[in-house]
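Here is how the chains run, residue by residue.
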Amino acid sequence: MARPRTFDEERAVEAAMRAFWAAGYEATSTQDLCAATGLGRSSVYNTFASKHDLFEKALVRYMETKSTAAEAVLASARPVREKVRVLLWRAVDGEPEDPVGCLVVNAMVELAPKDSRIAALLARDYDRRLEALRVALEAGRRAGEIAADRDPRQLAHFVISSITGLVVLARSGADRSALEAVATSVLAAL
């Protein structure tokens with residue numbers, strides 16, 4: 001008879017997410033995952049079929065959390081430039097308790113070119129974020145906050161790629177003034 005689980009699987013996924021986010025997929029060992037989750041090797045593999053399975057769950061959790069938070073900003077009653085400013089400054093400031101960078105960007109670079117499952121998850125998340133941003137920018141255009149000749153979809157791609165660039169710059173050690181200059185330039189381009 002199998003013993004009942006004595007741990008919270010969601011907390012284990014959260015802890016693994018942070019480990020993968022900090023070090024990347026390849027550099028995060030099973031021992032790192034055990035240390036992060038507080039689980040033994042057998043518990044990790046009995047609960048999650050593989051390191052890849054755990055990574056997939058961690059990535060989905062990360063995307064859901066971050067995309068839901070961005071969607072809340074984009075659905076707010078703020079003017080569209082203020083919405084975009086909030087998203088840009090989240091990339092500039094980060095959260096003090098979070099690793100620097102972005103798990104999605106890390107996975108795009110490290111795994112997507114060789115892992116079709118991860119690439120498909122990332123593509124769906126990108127489409128979700130793109131559509132939420134496009135809708136907000138379209139509403140801003142209709143309200144006269146953005147010039148009528150600007151294409152909201154193209155602007156959405158531009159904003160997402162700029163945020164991606166900001167988190168890469170932050171991860172590479174760029175100072176705050178460089179990050180702020182990029183964010184300010186993006187806002188001026190809207």
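Bear in mind the structure is a predicted one, so any value in this text is a computation, not a measurement.

Asks: Can you walk me through the overall build of the protein chain in this structure?
Replies: Helix and strand counts for the protein chain come out as nine helices and zero strands. Counted from the first residue to the last, the protein chain has its helices and strands arranged as α-α-α-α-α-α-α-α-α. Projecting the C-alpha coordinates of the protein chain onto the three principal axes gives extents of approximately 65 × 35 × 30 Å. Looking at the 190 residues of the protein chain, the share that counts as buried comes to 41%. Put simply, of all contacts in the protein chain between residues at least 6 apart along the chain, 71% involve residues at least 24 apart. When the accessible area of the protein chain is evaluated, it comes to approximately 10,000 Å², of which 55% is carbon and sulfur surface.

Asks: Would you mind showing me how to read the side chain of threonine 47 here?
Replies: By secondary structure assignment, the location of threonine 47 is in helix H3 (residues 41-47). Within the structure, threonine 47 has its side chain in polar contact with the backbone oxygen of serine 43 (distance 2.8 Å).

Asks: Could you clarify how one ought to interpret the nonpolar core in this entry?
Replies: Across soluble globular proteins, nonpolar side chains show a tendency to be buried alongside one another. Phe20, Phe55, Leu59 and Leu133 are the most contacted members of the largest nonpolar core, which has 57 residues in total. Here this core gets nine residues from one element, more than from any other, and that element is helix H4 (residues 51-75). Beyond its immediate sequence surroundings of up to four residues, phenylalanine 55 is in contact with Phe20, Tyr25, Leu103, Ala107, Leu111 and Ile118.

Asks: Before we go on, may I ask you to explain the pattern of salt bridges in this structure?
Replies: Here the idea is simple: oppositely charged side chains can pair when their charged atoms come close. Inspection of the entire model under this criterion finds 17 salt bridges. Ionic pairing is found between glutamate 180 and arginine 176, a salt bridge with its closest N-O pair at 2.7 Å. Of the two residues, glutamate 180 and arginine 176 are both situated in helix H9 (residues 176-189); the distance of four residues between them amounts to about one turn of the helix. Take arginine 176: its relative accessible area is 38%, and that puts it in the partly exposed class.

Asks: Could you clarify how one ought to interpret the layout of surface pockets in this entry?
Replies: The rolling of a water-molecule-sized probe over the atoms marks out the regions of remaining empty space. Of the pockets and cavities examined, the largest pocket occupies roughly 800 Å³. If you trace the largest pocket, you find 33 residues lining it, with Tyr62, Lys66, Arg90, Ile163 and Val167 closest to the centre. Secondary structure elements with two or more residues in the lining of the largest pocket: H4, helix H5 (80-93), helix H6 (103-110), helix H7 (116-142) and helix H8 (152-171). No other element matches H4, which puts nine residues into the lining of the largest pocket. For the lining of the largest pocket, a count of residues per class yields 20 nonpolar, five polar and eight charged.

Asks: Is there a simple way to think about the packing of H6 against H7 in this case?
Replies: Packed helix pairs are characterised by how far apart their axes lie and by the angle those axes make with each other. For the pair H6 and H7, interaxial distance at closest approach is 10 Å and the crossing angle is 135 degrees. Overall, the two elements H6 and H7 adopt an arrangement that is oblique. Crossing geometry of H6 relative to H7 is assigned as left-handed. Of the residues in H7, those touching H6 at Val104, Ala107 and Met108 are Ile118, Leu122, Asp125 and Arg129. Counted by class, the contact of H6 with H7 contains five nonpolar, no polar and two charged residues.

Asks: It is not clear to me how the packing of aromatic side chains should be interpreted in this structure. Could you clarify?
Replies: Geometrically, a pair of aromatic rings is defined through the distance of the ring centres and the angle of the planes. Inspection of the entire model under this criterion finds four aromatic pairs. Where phenylalanine 20 meets tyrosine 25, the ring centres are 5.9 Å apart and the plane angle is 20 degrees; that geometry is what we call stacked. Tyrosine 25 sits in the buried class, given a relative accessible area of 11%. On the basis of an interplanar angle of 70 degrees and a centroid distance of 5.1 Å, the ring pair of tyrosine 25 and phenylalanine 55 is categorised as edge-to-face. Of this pair, tyrosine 25 sits in the loop between helix H1 (9-23) and helix H2 (30-37) while phenylalanine 55 sits in helix H4, placing them 30 residues apart in sequence. Pairwise contacts between aromatic rings join Phe20, Tyr25 and Phe55 into one cluster.

Asks: Would you take a moment to explain H1 for this structure?
Replies: Quick reminder: α-helices carry 3.6 residues per turn. Residues three or four places apart thus point the same way. With 15 residues, H1 should cover 21 Å at 1.5 Å per step; its first-to-last C-alpha distance of 21 Å lies within 8% of that length. All of the buried residues in H1 are Ala12, Val13, Ala15, Ala16, Met17, Ala19, Phe20 and Trp21. In the core, the buried residues of H1 are packed alongside H2, H4, H6 and H8. Sitting at the head of H1, aspartate 8 places a side-chain oxygen 2.9 Å from the backbone nitrogen of glutamate 10.

Reading the values: the criteria
- Residues numbered from 1 in each chain as written.
- Predicted model: local features only at pLDDT ≥ 70, side-chain atom pairs only at ≥ 80, totals over all residues.
- Heavy atoms only, no water.
- Helix = DSSP H or I, 4+ residues; strand = E, 2+ residues; numbered from the N terminus.
- Buried < 20%, exposed > 50% of the residue type's maximum accessible area, 1.4 Å probe, protein only.
- Contact = heavy atoms within 4.5 Å.
- Areas by Shrake-Rupley, 256 points an atom, 1.4 Å probe, with all protein chains shown as cover.
- Polar contact = N/O pair within 3.5 Å; in protein donor to acceptor, adjacent residues only side chain to side chain.
- Core = buried A, V, L, I, M, F, W, Y, C linked by side-chain atoms within 4.5 Å.
- Salt bridge = Lys/Arg side-chain N within 4 Å of Asp/Glu carboxyl O.
- 1 Å grid on protein atoms, 1.4 Å probe; cavity = no way out; pocket = protein on both sides within 12 Å on 5 of 7 lines; lining within 4 Å.
- Points joined across faces, edges and corners; volume = space filled by probe spheres on them.
- Nonpolar A, V, L, I, M, F, W, Y, C, P; charged D, E, K, R; others polar.
- Axes fitted to C-alpha atoms, helices over the stretch in contact; angles between N-to-C directions.
- Parallel < 35°, antiparallel > 145°, perpendicular 65-115°, else oblique.
- Left-handed = near helix turned anticlockwise from the far one by under 90°.
- Phe/Tyr/Trp six-rings, centres within 6.5 Å; stacked < 30°, edge-to-face > 60°.
- Expected span 1.5 Å × (residues − 1).

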